[in-house]
Amino acid sequence: MELRHLRYFVVTAEAQHFTRAAELLGMAQPPLSQQIRQLEQEVGTPLFDRTGRGVMLNDAGRAFLACAQDILHRAQAAVQTAQRAARGEVGELTLGFTESASFNGVVTALIRQYRQQYPDVEMTLSQGDSETLVARLREGAIDAAFVRPPFALDGGLTFTQLAEEPLVVALPLGHALARKKRLTPADLTQERFILYSRKSGYGLSADIMAACRQHGLNPLIGQRAPQLSSAVNLVAAGMGVAVVPESLRHLRPDGVVYRPFALDWPRAVLGLAVRQDRLEGKVENLLRLTRKA
């Protein structure tokens, strides 16, 4: 029994006439009659009462009709669901993001826009540092990730830049440098830096240290924090100063003020990393919105 047999049966039951049903199906009447008889043989009982003026469903036919209609409806729904999944309109998207990305207005607006355009895609968020998220992306544990470079674009990874932010200095409230509108590396000569360096030794903190040294400042390292928000909280505790992306101004714990940092380089880059070999519809849609943003 094939779906076409069920479709022939349903059209014939609704038309109550073989010739009229054959016209609706775009086929000749004799083959249709033959297909219906084969279906009845497979079911093991007649489904129609034949009359001189047409056909009418019997009790078995009426019971079979309800099931046949349900099967055809579910088959069509399966096709539509598969097509929607291919277009990225349904399914599940596992999205990684760094903690600092959650403070970036462009990223939060992008996630909100994605959820509005694709409400039937279940989004699962996974937070981590950039190195961990890139590793998970390579393993296939997540579909995409908002991360900060540098990292190697091997293994089929691609990176689309979304934002590039200047840096600011987080200072304890009441610090003497808070009176200045803009700070230079020379202003921080006596300050202890709170770093949030990567395991690899590369990343924004390493670039900041290198830039400071280029300007004649050999930074004093006071503490190392696991992430940006921890660094800012340690600033609030008076443990030192931290140089962070400008978007972290939205993180305002008591006891912290921010001042612009007069460095042309580095800048805090943020973007979306994906695997080129896993650009399914849901990821393609996110990538398209990212490129527009």
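Look a little higher up for the structure.
Residues numbered from 1 in each chain as written. Predicted model: local features only at pLDDT ≥ 70, side-chain atom pairs only at ≥ 80, totals over all residues. Heavy atoms only, no water.

Q: Quick question: what am I supposed to make of the overall build of the protein chain here?
A: The secondary structure content of the protein chain amounts to nine helices and 12 strands. Taking 19 Å as the expected radius of gyration for a compact globule of 293 residues, we find that the protein chain reaches 32 Å, considerably beyond that expectation. C-alpha extents for the protein chain along the principal axes are approximately 105 × 35 × 30 Å. Taken over 293 residues, the protein chain has a buried fraction of 45%. Summarising the internal contacts of the protein chain: among those between residues at least 6 apart in sequence, 72% fall at separations of at least 24. As presented, the protein chain carries roughly 15200 Å² of accessible surface, and 49% of it is formed by carbon and sulfur atoms. Charge separation in the protein chain, taken as the distance between the mean sites of 34 positive and 29 negative side-chain charges, equals 6 Å. (Helix = DSSP H or I, 4+ residues; strand = E, 2+ residues; numbered from the N terminus. Rg over C-alpha atoms; globule rule 2.2 N^0.38 Å. Buried < 20%, exposed > 50% of the residue type's maximum accessible area, 1.4 Å probe, protein only. Contact = heavy atoms within 4.5 Å. Areas by Shrake-Rupley, 256 points an atom, 1.4 Å probe, with all protein chains shown as cover. Lys, Arg positive; Asp, Glu negative; His and termini not counted. Charge placed at Lys NZ, Arg CZ, Asp CG, Glu CD.)

Q: Before we go on, may I ask you to explain the pattern of salt bridges in this structure?
A: Side-chain pairs of opposite charge can arise whenever the charged atoms involved come near each other. For the coordinates displayed, the defined rule picks out 14 salt bridges. The salt bridge partner of D143 is K282, with a shortest N-O separation of 3.9 Å. Here D143, found in the loop between α6 (130-139) and β5 (144-147), pairs with K282, found in helix α9 (residues 281-292); they are 139 residues apart in sequence, far enough to count as distant. A relative accessible area of 9% means that D143 is categorised as buried. Overall, K282 belongs to the buried group, its relative accessible area being 15%. Among the ionic contacts, a cluster of salt bridges with common partners joins R84, R87, E89 and D120. (Salt bridge = Lys/Arg side-chain N within 4 Å of Asp/Glu carboxyl O.)

Q: Which parts of the structure should I look at to understand unusual backbone geometry?
A: With the exception of glycine, the majority of residues adopt a negative phi angle, and the majority of peptide bonds are in the trans configuration. Cis rather than trans, the peptide bond between P149 and P150 has omega equal to 15°. With respect to the helices and strands, P150 occurs in the loop between β5 and β6 (157-165). Cis peptide bonds are those with omega within 30 degrees of zero, and the linkage from W265 to P266 qualifies with 0°. Relative to the elements of secondary structure, P266 occurs in the loop between β11 (256-260) and β12 (268-275). Phi is positive for Q16, which is not a glycine, with a value near 60°. Structurally, Q16 can be placed in the loop between α1 (3-15) and α2 (18-25). By relative accessible area, Q16 is classed as partly exposed at 45%.

Q: Could you clarify how one ought to interpret the environment of G26 in this entry?
A: Topologically, G26 is positioned in the loop between α2 and α3 (29-43). The spacing of G26 and N58 is 32 residues in sequence and 25 Å in space, taken between C-alpha atoms.

Q: Honestly, the nonpolar core in this entry has me stumped. Any pointers?
A: As a rule of thumb, soluble globular proteins bury nonpolar side chains together. Counting 37 residues, the largest nonpolar core has V169, L171, L188, I208, V244, Y258 and F261 as the members making the most contacts within it. When residues of this core are traced back to their parent elements, those giving at least two are β7 (167-172), β8 (192-195), α7 (204-214), α8 (228-236), β10 (242-245) and β11. Beyond its immediate stretch of four places on either side in the chain, L171 contacts L177, A178, L183, V235, V241, G255, V256, V257 and R259. Listed in part, the 21 residues of the second largest apolar core include Y118, M123, L286 and L287. (Core = buried A, V, L, I, M, F, W, Y, C linked by side-chain atoms within 4.5 Å.)

Q: Please clarify how α8 should be interpreted in this entry.
A: Three or four residues apart is the spacing at which side chains of an α-helix point the same way, because the helix has 3.6 residues per turn. Where α8 is concerned, the buried positions are L228, S229, S230, A231, V232 and V235. Against the buried residues of α8 lie β7, β8, β10 and β11.

Q: Could you clarify how one ought to interpret the sheet that holds β7 in this entry?
A: The strands making up a sheet are joined through hydrogen bonds of the backbone, oriented either antiparallel or parallel. The strand order across the open sheet formed by three strands is β10-β7-β11, and the pairing between neighbours is antiparallel. Two strands bound the open sheet, and with one partner strand each, they are β10 and β11. Sheet twist, expressed as the mean angle between neighbouring strand axes with direction ignored, is 40°. Both β7 and β11 contribute to a ladder of five bridges, which runs antiparallel. Directly across from V168, in β11, lies its bridge partner P260. Packed on one face of the sheet, α8 meets β7, β10 and β11 and runs near 140° to β10. (Pairing = 2+ DSSP bridges. Axes fitted to C-alpha atoms, helices over the stretch in contact; angles between N-to-C directions.)

Q: Help me understand the packing of α1 against α2 in this model?
A: For any two helices packed against each other, one specifies the crossing angle of their axes together with the interaxial distance. Interaxial distance between α1 and α2 falls to 8 Å at its minimum, and their mutual angle equals 130°. In terms of axis orientation, α1 runs oblique to α2. For α1 against α2, the interelement crossing comes out right-handed. Residues Y8, V11, T12 and A15 of α1 form the contact with α2, whose participating residues are F18, R20, A21, L24 and L25. Residue classes in the contact of α1 with α2 are distributed as seven nonpolar, one polar and one charged. (Parallel < 35°, antiparallel > 145°, perpendicular 65-115°, else oblique. Left-handed = near helix turned anticlockwise from the far one by under 90°. Nonpolar A, V, L, I, M, F, W, Y, C, P; charged D, E, K, R; others polar.)

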